[in-house]
Structures are given as structure tokens and as C-alpha cells.
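Okay, here's what each chain looks like letter by letter:
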Amino acid sequence: MTTDVIAPANTLRAGIIGGGFMAAVHTHAARAARAELTGGASSSADRARDAADRLGLGAAFDSVDALLADPGIDVVHICTPNSTHAAIARAALEAGKHVICEKPLATTVTDAAELTALAADRGLVAAVPFVYRFHPMAREARARVARGETGRLLSVQGAYLQDWLAEPHDDDWRVDAELGGPSRAFADIGSHLVDLLEFVSGERIVRLNASTRTVYAARSRHADIATEDLVAVVVELESGAIGTLLVSQVAAGHKNGLSIELSGASGSIRFEQERPEQLWLGRVDGSSVLERDPARLAPDAARLALVPAGHPMGYQDAFNAFVADAYAAIDGSAPDGLPRFADGLRAVRLTEAVLASAASDGWVEVAAA
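Quick notes on the rules
Residues numbered from 1 in each chain as written. Predicted model: local features only at pLDDT ≥ 70, side-chain atom pairs only at ≥ 80, totals over all residues. Heavy atoms only, no water. UniProt positions renumbered as here; feature names shortened; annotations may be inferred. Helix = DSSP H or I, 4+ residues; strand = E, 2+ residues; numbered from the N terminus. Buried < 20%, exposed > 50% of the residue type's maximum accessible area, 1.4 Å probe, protein only. Pairing = 2+ DSSP bridges. Contact = heavy atoms within 4.5 Å. Axes fitted to C-alpha atoms, helices over the stretch in contact; angles between N-to-C directions. Domains from an automatic or database assignment. Buried area = accessible area lost by both parts, 1.4 Å probe. Polar contact = N/O pair within 3.5 Å; in protein donor to acceptor, adjacent residues only side chain to side chain. Core = buried A, V, L, I, M, F, W, Y, C linked by side-chain atoms within 4.5 Å. Left-handed = near helix turned anticlockwise from the far one by under 90°. Nonpolar A, V, L, I, M, F, W, Y, C, P; charged D, E, K, R; others polar. Arc of directions from axis to C-beta. Phe/Tyr/Trp six-rings, centres within 6.5 Å; stacked < 30°, edge-to-face > 60°. Salt bridge = Lys/Arg side-chain N within 4 Å of Asp/Glu carboxyl O.

Caption draft 1: Up close: the UniProt feature "domain: GFO/IDH/MocA-like oxidoreductase" (unreviewed entry) in the protein. Mapped onto the present numbering, the UniProt feature "domain: GFO/IDH/MocA-like oxidoreductase" (unreviewed entry) falls at residues 139-270. The span residues 139-270 is 22% helical and 33% strand by assignment, and the distance between its end C-alpha atoms comes to 12 Å.

Here it is, written out as C-alpha cells:
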């Protein structure tokens, strides 16, 4: 696996499906990776034209099918509501397109597994944007754990806390299971948390015990809401390490509070997405804060640090690096740590385990494959 890839050698032609916030993020990243933004499609021809104007896309397609039929498009970015991901991704792969699909990859393990197999069968690059892997200091944490600096893993803790749905009147399409799927908070943001935890630790969660809560059964535009606002999970990892995870979209004052901490026999390490330029390092005889400095980072972390120390990097930088690596993979390279459909399947599998545990009020084993 190479650690020095950050952009493809050849210009790719990208199509964007969807026109909301995530479509804008994907568009910025595709443009940064020197893609040709060939065109976009949305839920209607009018919405596609609006998105093309706002995002600076080359053309507006009347339908998703029309976009997928265009032989000039190499890679498709899927930025639509959760329940549509599987069908669009399947159609894109069958049309011979490489795919970058927003998470969750699908709302069922069956669909996610079928998509993963289809991508492998067609020999296409298929990626899911677990972009927090692409913060340089998250890679540095991973490298330090792999080098054994924390020692045998004993415990983990993590959280992903937001407050954008904290008030009873706050509403969004994601609360509707028909559009967002059976899980909301965990599928939307808990998936990032477990992906980052497993990526940095190098271990998988083997079993879990979860509780979920729907704080508001009705909001300004939706009633009889069944999707969860928050989740608490106890986990056990392969080594026997245990830990706790908290996921909430109703945690007042928290905007995007993703954090993980791993404690080992020799030390602890903590990464916080809202403080992405730092790692907290804990020892019995004292703790310290490591600032991002490319000259002092592991190679895989340093290659993602595109600006000198003291020049802050953030979310869009991480997203740009993810898309650049995905495009480099399409171009024939093998960038380390690129989250592919198999990682999307893993997140869906963990989500189903969380829902099953909450429903049964007991421990659930998580399949490795």
C-alpha cells in the first residue's frame, strides 16, 4: 500500500447525484482533485438545473438514469437521502461507473453486502466517505497505536454529539424512516464513530449492548417518529478491551463533537474532531498535547498535512483528501486507509447490531465479515 498518493495522475469526469449540503462538499473535493465536473442529477429536472447552477456543474441531467447512461462520466458521487443509496449505487455499478456513495451505504446488511460484492465483481472502485480517517492527527493516532506506544489495549471511549435536533421544533427528512432508514443517529453519525474507533485501534468490535431513545416522537413536520435521537453502547473489542460510546443529536451545545480515546497498559491517546490539529497523549507520569507538525508525524499522517504547522486544517481538507485518494485508486494506485464499500457494509452491520440489541435489551454478537 502506498502512503504518498494525494491526487490522480489523470483527469476524471465526475457526475454528482443530489443537490444539498453534501453535494456541495463532494463538489468542492472533486474540484480540488482536478476532476471535470461533467454534470448532475437530482430528484427532478428542475432541481438538477438548480444544483448545476449553484455547484458549477457542466450540465443538468433530466434524470439519474440519463446521467448514468452518459459514457463520458467515469465516477458518480451519490449524495441523496439514505433510502435511495442502494438502488442508485447498484445502477451506477451496473453502468460501469466507479462510485462514491454517502453513508449509510444502504439501510440493510443484505443490500450493503450485495453492493460490496457487485463492486468487487465488476472491478470498480467503490468508496464511502468516512472522512475523519483523513485528518492527519487521526492517522498519527493510528500510527502510534500500531507502533505499540499505548501498549495492550484496555479500554476505549468515544462520543459523537450534536445539537441540531435538540429542540422539539427542529426537523429534517432524516427523522423519517422511509427516507432515512430504521436508524437515524447511529446510522448518520454513530457510523463515523465506530469506523474511526476501529480504524485507529486496528481492532473490531465483537459484541455490544445498546440502548436507544427517541426524545421527540413528533416534530414540526413529522409525527410518530420511530428513529432514535440518541444511543448509548457498551462494546467489547477483539482483544477483550471494553468501552462505552455515546451518540446524540440532541446534546445541547455540541455542534460536531466526535471524539475517541484509547487507553492501553502504557498510555492513552485521544483525538477530537473539533480540535483536529492536536492529539492528547496520556501517561502515568504526566500528559501532553501533540500539535500537528508534518516534520514530526508518521509518513501516512504527514502526507495528509498539506500546509505547514500552525496553519489550521479542517473538515473540507479531510474530505478533499478522501476524494483525492478515491480518484487515485480509480487511476490504479492503492492508497492506504481508503474506506471502501466493505467498510460501508461494516458500518451497516454494526448499525443493525445496535438496533437488535436495543430491541432485545441484551448483548449482540457482531459478525466479523
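Next comes the rest of the account.
Caption draft 2: Representation of unusual backbone geometry in the model. Omega for the bond connecting Lys103 with Pro104 falls within 30 degrees of zero, at -5°, which places this linkage in the cis form. Mapping Pro104 onto the fold places it in the loop between β4 (98-101) and α5 (109-122). A positive phi angle, near 65°, is found at Arg34, a position not held by glycine. Note on placement: Arg34 falls in the loop between α1 (21-32) and β2 (36-41). A positive phi angle, near 55°, is found at Asp224, a position not held by glycine. Along the chain, Asp224 falls in the loop between β7 (205-213) and β8 (230-237). A relative accessible area of 74% places Asp224 in the exposed class.

Caption draft 3: Quick peek at the sheet that holds strand β3 (residues 75-78). Pairing within the open sheet is parallel, and its 5 strands lie in the order β2-β1-β3-β4-β5. Looking at which strands have only one partner, the edges of the open sheet turn out to be β2 and β5 (126-127). Across the sheet, helix α4 (residues 85-94) is in contact with β1 (13-17), β3 and β4; its angle to β4 comes to roughly 165°.

Caption draft 4: Inspection of the domain arrangement of the protein at higher detail. As assigned here, the protein comprises domain 1 (13-130) and domain 2 (132-311 + 339-365). Inter-centroid distance (C-alpha atoms) of domain 1 to domain 2 is 25 Å. Listed per partner, the contact involves 25 residues of domain 1 and 25 residues of domain 2. Note on domain 1 versus domain 2: buried area summed over both sides is about 2,000 Å², and carbon and sulfur give 66% of it. Taken together, the connections running from domain 1 to domain 2 amount to 12 residue pairs in polar contact (both at pLDDT 80 or more). Looking at the side of domain 1 that touches domain 2, the elements with two or more residues in it are α4, β4, α5 and β5. Top contributing element to the side of domain 1 that touches domain 2 by residue count: α5, with 6 residues.

Caption draft 5: Quick look at the nonpolar core. Ranked by size, the top nonpolar core spans 42 residues in total, and within it Leu208, Val233 and Leu262 carry the most contacts. Among the elements that line this core, the one with the most residues is helix α8 (residues 185-201), at 9 residues. In this structure Leu262 touches Val145, Leu153, Ser155, Val156, Leu197, Val200, Ser201, Gly267, Ser268 and Ile269, once residues within four positions along its chain are discounted. Formed by 35 residues, the second largest nonpolar core is a distinct cluster that contains Ala29, Leu55, Phe319 and Ala326.

Caption draft 6: Quick peek at the packing of α8 against helix α11 (residues 341-360). Viewed as axis vectors pointing N to C, α8 and α11 meet at an angle of 115°, and their least axial separation amounts to 9 Å. Relative to α11, the crossing made by α8 is right-handed. Facing α8, whose interface residues are Phe186, Ala187, Ser191, Val194, Asp195 and Glu198, α11 presents Asp343, Arg346, Ala347, Leu350, Thr351 and Val354. Split into classes, the residues belonging to the contact of α8 with α11 amount to 6 nonpolar, 2 polar and 4 charged.

Caption draft 7: Focus on α4. Considered for burial, the residues of α4 that qualify are His85, Ala86, Ile88, Ala89, Ala92 and Leu93. In a view along the axis of α4, the buried residues occupy a sector of 170°, so they form one face of it. In this structure, the buried residues of α4 make contact with β1, α3 (64-68), β3, β4, α5 and α11. Directly after α4, the chain includes Gly96, whose backbone phi takes a positive value near 85°.

Caption draft 8: Quick look at the packing of aromatic side chains. Taken as a whole and assessed by the stated rule, the structure comprises 5 aromatic pairs. For the pair Tyr132 and Tyr160, a centre-to-centre distance of 6.1 Å together with 80° between the ring planes defines the contact as edge-to-face. Here Tyr132, found in the loop between β5 and α6 (136-146), pairs with Tyr160, found in strand β6 (residues 153-161); they are 28 residues apart in sequence, far enough to count as distant. Consider the rings of Tyr315 and Phe319, whose centres lie 5.9 Å apart with planes at 65°: the pair is edge-to-face.

Caption draft 9: Representation of the UniProt feature "domain: Gfo/Idh/MocA-like oxidoreductase N-terminal" (unreviewed entry) in the protein within the structure. Residues given the UniProt feature "domain: Gfo/Idh/MocA-like oxidoreductase N-terminal" (unreviewed entry) here are residues 12-128. Counted over residues 12-128, helix gives 44% and strand 18%. Its end C-alpha atoms are 18 Å apart.

Caption draft 10: Geometry of the sheet that holds β8. One open sheet holds the 9 strands; their spatial order is β13-β12-β11-β10-β6-β9-β8-β7-β14, and the pairing between them is mixed. Both outer strands of the open sheet, β13 (286-291) and β14 (364-365), are each paired with one neighbouring strand and no more. As judged from the 5 bridges shared by strand β10 (residues 257-264) and strand β11 (residues 268-272), these two strands associate in the antiparallel manner. Opposite Leu262, over in β11, you have Ile269 as the bridge partner.

Caption draft 11: Spotlight on the pattern of salt bridges. Tallied over the entire structure, the rule returns 27 salt bridges. Ionic pairing is found between Asp163 and Lys255, a salt bridge with its closest N-O pair at 2.9 Å. Of this pair, Asp163 sits in the loop between β6 and α7 (177-180) while Lys255 sits in the loop between β9 (242-248) and β10, and the two are 92 residues apart along the sequence. Of the residues examined, Asp163 reaches a relative accessible area of 16% and is grouped as buried. Where salt bridges share partners, they join Arg139, Arg142, Asp300, Arg303, Asp325 and Asp336 into one cluster.

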